[in-house]
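Topology and contacts: notes
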Amino acid sequence: MARVSHVVLLAVLGCISGMRPAAALSPHLPIHAMTTDHWNVEQGLPQITVTGIAEDRAGFLWVNTQATVARFDGKQFVAFDRAATGIDTSMLTAIWADPQGQVWFGGARGLLREQQGHFTALGGDAVNAIIDAGDGTPLLATSNGLAHLRAGRIVAVPGYRGPAFSLLRDGATLWVGGLGRVCRVVAKPDSPGATCIALDAGHAQMEVMQLASNRGHLWLGTRTGLLRLDGDRIVAAGLGNELDTTSIESLLADRDGNLWIGTVPGLYRLLPDGVLEEAADDDIAPKPWVHALHEDRDGNLWLGTHTNGLYRIWNGWTHRVSSRDGLADPLVWSVARAPDGRIVLGTNSDVEIYDGHGVHPWIAGNRLPNPSAYELYYDRHGRLWVGTRGGIAVFDGARDITPPALSALASLQIDDVREVADDDVWIGTTGGLYRWHAGRLDRLDAGSSAPASIIRSILPLTPDHLYFGTEDGVREWRDGKLVQPAWAEPLRGHFVSRVALLGPGLLGVATTDAGVGVVANGSLRMTTQKDGLPGDNAWSLDVLGGNLYAGTINGVWRLPMAQLPMPGSPGGNVVPQQLAGEQRLTRLRGSHCCNGGGGARSLVIGATVWYSTTDGMLGIDTRALIEPPKPPDARIESVERGGHLLPAGALDLTDGSRDLVIHYTAPYLHVGELHFRYRLDGYDTDWQEVGARRAAFYTHLPPGKYRFRVAVSLPGASGFGREADIAIRIEPRWHERILVRVAAVLLAVLVIALLVVWNQRAQRRRSAQLEMEVERRTAQLARAVERLRVANLALAEESHTDALTKLHNRRYLLRLLPGLLANHRRIGVLQIDIDYFKQVNDNYGHAAGDAVLRALGSLLLKSRRIDDIAVRWGGEEFLLLLPGAEVVDAQEVAGRLCREIAEQDFADGRGGRIRLTGSVGFSQYPLAAHPDSGNFDAVLELADLALYRAKQDGRNTCVGLVATSPLLPEILAHPMAPQIGALVAAGRLRWVRAER
């Protein structure tokens, strides 16, 4: 049985790590295990309904929406609406990108062409579908048959009559979906005649809207169900009632042999082995209504939906084992490999085992000294040592063989267990370093300070030479003595979470607050966030395939060992690649990485690195990461000057503004944050590193010849992609020419001489007049100073007041904040937002929206206490500060505000009334025992997250996120959003709901 489990697990791991990076839709991976990203209007998509998708030659993704066409570079959408193109680009459905870099669009108004950002309307009949005619030009399925382009004109293709709704090229065969039939055209589209196969009599008027060819089968999508071609007959697909009788909105046969089927109720995948898989509601969205399916060059699947925007589905490089796989407790502290090849998981309540098919209970929590299995270790006899948060147990299989002497550790948390020789086991605990040898348990660090006696990591080099990571740096055991190595002095006072061998003679050190260190030849070199690491926290270090993998509280990153700074090497930034826990705003399901503080927090099996997380066990498939990412080529989009956009070509500027904004981008549809750099040769002395920003700003450029250059890089990639550049020439104005300047100098000298003479004469006359004017002017000046003082006071008040709502503004709060924080021990912070405020502007106009904001401002002024501070924070968001308020006070005020907003009648500007609701997120200052101004920023972030939670929970509600105890400075030093799950799970934060 053990042999079978071992084989099964290796097979599963092979499926996980054997997937090619370009095969992003592997049949071996279920949909729920794939990575899904989502873009909606909040991320810049012009409108939620996506009806067509195509990828152009440069790598941009083009998207048809009901409102307009948009181009996506992987980060941001650029809309090409009527205002930008002069052409109506709404309600287009057909789309195709040709090999020359042009994109073709079709809809009820005929054919459109995009070329380098310029749109041309070619008209013609309604276009339902576009594919390659075989010569790189578009072949059109129109309301009157087939058509193609000849000499820039739309010309009908003879041989097919009647409306055409869909097209498919399958080798030398062209399939045309028509009205109640599908037709086969062999050879060229110009061939006279076509062989047509009619649908049955009940479907004679049914449009064949979708076509796909998959493993020798032709599939037809209609409004009444999925059909297939069986010889010379068209029959029901036979995949079940849900597809045989449901409107088929989209079909796609991908390169891996999957057939994807989009419907209104769901998304389906027909696997190569004939198994039909349906995406669950939480895999994408309930009733996703998939209009469009597109597989990009890298094998990623893009979905355009009717109500939820744009999705991308891809294998990713992670695999999670969690509740869906049978894991009873998803909070995993430790992972270890059993002798039979299975993976053992230590959870917060028991020990479970993964056999490749699923997770099964193994050792119940009531059989352990403490249910929380914090550390797992197999010794050379195959015995499992289970370190818990309160004691240790030893198991031979499922049999408890714990020596009674180990009960002395019952009050200690076990952090690490390592065997150095037969029956010679070292145990790191929160209360000292212990050694179990020959049936005897001894403590070896008596006299150590409290932090130094917390042993977090053990690294045996030989039975008598070991390194230890403690909460006071690194200690070394050699010749029977425990000492601090000389190289470890800079780590004193730091929490060392892991000590590991990175290579021959190369020692790695991970810390929770000082970065990652490398020790070679007795010297230490630390690399920190200032050097480019995502953060200074790391819990695990593993080397695989020449790369260093680091598990941190915020995720996993990797860095080629060749790029890791060594002792004595010159300084320079590193660019690690974030692999998990990256907290992308588009990510549908977060990575929940990483967790665990024991020695078994990570595990390497083959090409997969497994991590313990708060949502099960996470595996990183390193084979999918073998090829380093290639940076894309930069592109200059346009140059903005004087409010006008100029094409991205050479510029020769003779007059007008010399302020330039140069817009650039790079198409990159993979996961990864692009990092741009640019320079203006002739002006900049060095490259400007600007991160993800896609615009360069220059003001008051002097005359001269310049060349603007921009390039882009990726984390984990070496170097930059191909540069883009443009030449810029600024001609001097007439007064900047040399001859004009010389003449101006001579004239100035002459004028100065004349002025000196005139001034001497005039001075004598004026001295008498001035004496007479002194008294009168002095009085005038005094009156003017007084008026100025009054005006300045009025101006200061105006600058701190929102003109629309008459509330104080953000500037006022920032000026008031230091004194407010100093004078009040507690402050309730409420963030109020009007639900669906955009609909008020859209349905009633901005005047009605302004009236709603004024009314809400008045409501806040009436509702607040005399010491409360109401601020318009921006848009429809307001901030209410409650000095001295406890959490329960903030709850009460939040609930009352929700009720008052819901009960308020707002004027619609047309004599009617509008009923609206509001959502409130609140928190409480302070979060730390010794707060500072940065602490208040964290409170604002928690209030904002609570407001976001209120929106997610259906709006018209009040949600709070408050600390249950003071938070540590190292927690507050990082953004709160990535830490919320862990902090709530640890009980450091709690969600609070107010009564409405």
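Only a predicted model underlies this, so the values are computations on that prediction, with no experimental measurement involved. (Residues numbered from 1 in each chain as written. Predicted model: local features only at pLDDT ≥ 70, side-chain atom pairs only at ≥ 80, totals over all residues. Heavy atoms only, no water.)

With five of five residues buried, strand β11 (residues 138-142) lies mostly within the body of the structure. Residues Pro-138, Leu-140 and Thr-142 point to one face of β11 and Leu-139 and Ala-141 to the other, with burial holding for every one of them. As paired elements, strand β10 (residues 127-132) and β11 share five bridges and run antiparallel to each other. Along β11, the bridge assignment pairs Ile-131 with Leu-139. With antiparallel pairing between neighbouring strands as the criterion, β11 and strand β12 (residues 145-150) make up a hairpin whose turn holds two residues. (Buried < 20%, exposed > 50% of the residue type's maximum accessible area, 1.4 Å probe, protein only. Helix = DSSP H or I, 4+ residues; strand = E, 2+ residues; numbered from the N terminus. Pairing = 2+ DSSP bridges.)

Now for the UniProt feature "transmembrane region" (unreviewed entry) in the protein. The sites that carry the UniProt feature "transmembrane region" (unreviewed entry) are, in the present numbering, residues 738-758. Secondary structure across residues 738-758 divides into 100% helix and 0% strand, with the first and last C-alpha atoms of the span separated by 30 Å. (UniProt positions renumbered as here; feature names shortened; annotations may be inferred.)

Let us now look at the nonpolar core. In terms of nonpolar packing, the biggest core is built from 33 residues, with Leu-830, Ile-832, Leu-880, Leu-897 and Phe-922 touching the most fellow members. What Ile-832 contacts, discounting residues up to four positions off in sequence, is Leu-860, Glu-876, Glu-877, Phe-878, Leu-880, Leu-897, Ile-901, Ser-919 and Val-920. Counting residues in hydrophobic clusters, the runner-up holds 31 residues, among them Leu-881, Ala-938, Met-976 and Ile-980. (Core = buried A, V, L, I, M, F, W, Y, C linked by side-chain atoms within 4.5 Å. Contact = heavy atoms within 4.5 Å.)

Turning to the packing of helix α7 (residues 846-863) against helix α8 (residues 887-903), a few remarks are in order. What describes two packed helices is the angle between their axes and the distance between those same axes. At a minimum axis separation of 11 Å, α7 and α8 run at an interaxial angle of 135°. In terms of orientation, α7 and α8 fall into the oblique class. Pair α7 / α8 crosses with right-handed handedness. For the pair α7 and α8, contact is made by Leu-856, Leu-859, Leu-860 and Ser-863 and by Arg-896, Leu-897, Glu-900 and Ile-901, respectively. A per-class count over the contact of α7 with α8 returns five nonpolar, one polar and two charged. (Axes fitted to C-alpha atoms, helices over the stretch in contact; angles between N-to-C directions. Parallel < 35°, antiparallel > 145°, perpendicular 65-115°, else oblique. Left-handed = near helix turned anticlockwise from the far one by under 90°. Nonpolar A, V, L, I, M, F, W, Y, C, P; charged D, E, K, R; others polar.)

A cluster of nonpolar side chains, contributed by Leu-747, Leu-750, Val-751, Leu-754, Leu-755 and Trp-758, occupies part of the molecular surface with about 620 Å² of accessible area. Tracing the sequence through the fold places Leu-755 in helix α4 (residues 738-799). With a relative accessible area of 46%, Leu-755 lands in the partly exposed category. (Patch = residues over 30% accessible without salt bridge, like charges linked within 9 Å, V, L, I, M, F, W, Y side chains within 5 Å. Areas by Shrake-Rupley, 256 points an atom, 1.4 Å probe, with all protein chains shown as cover. Salt bridge = Lys/Arg side-chain N within 4 Å of Asp/Glu carboxyl O.)

You can see Tyr-311 is positioned in strand β28 (residues 310-314). Accessibility expressed as a relative area gives 2% for Tyr-311, which makes it buried. C-alpha separation for the pair Tyr-311 and Arg-766, spaced 455 residues apart in sequence, amounts to 80 Å.

Our next topic: helix α6 (residues 837-844). Of the residues making up α6, those classed as buried are Phe-837, Val-840 and Asn-841. Each buried residue of α6 lies within a common arc of 95° when the element is viewed along its axis, so the set occupies one face. Buried residues along α6 sit against β67 (827-834), α7 and β71 (913-915). Count one or two residues on from α6 and you reach Gly-845, which has phi positive near 100°. (Arc of directions from axis to C-beta.)

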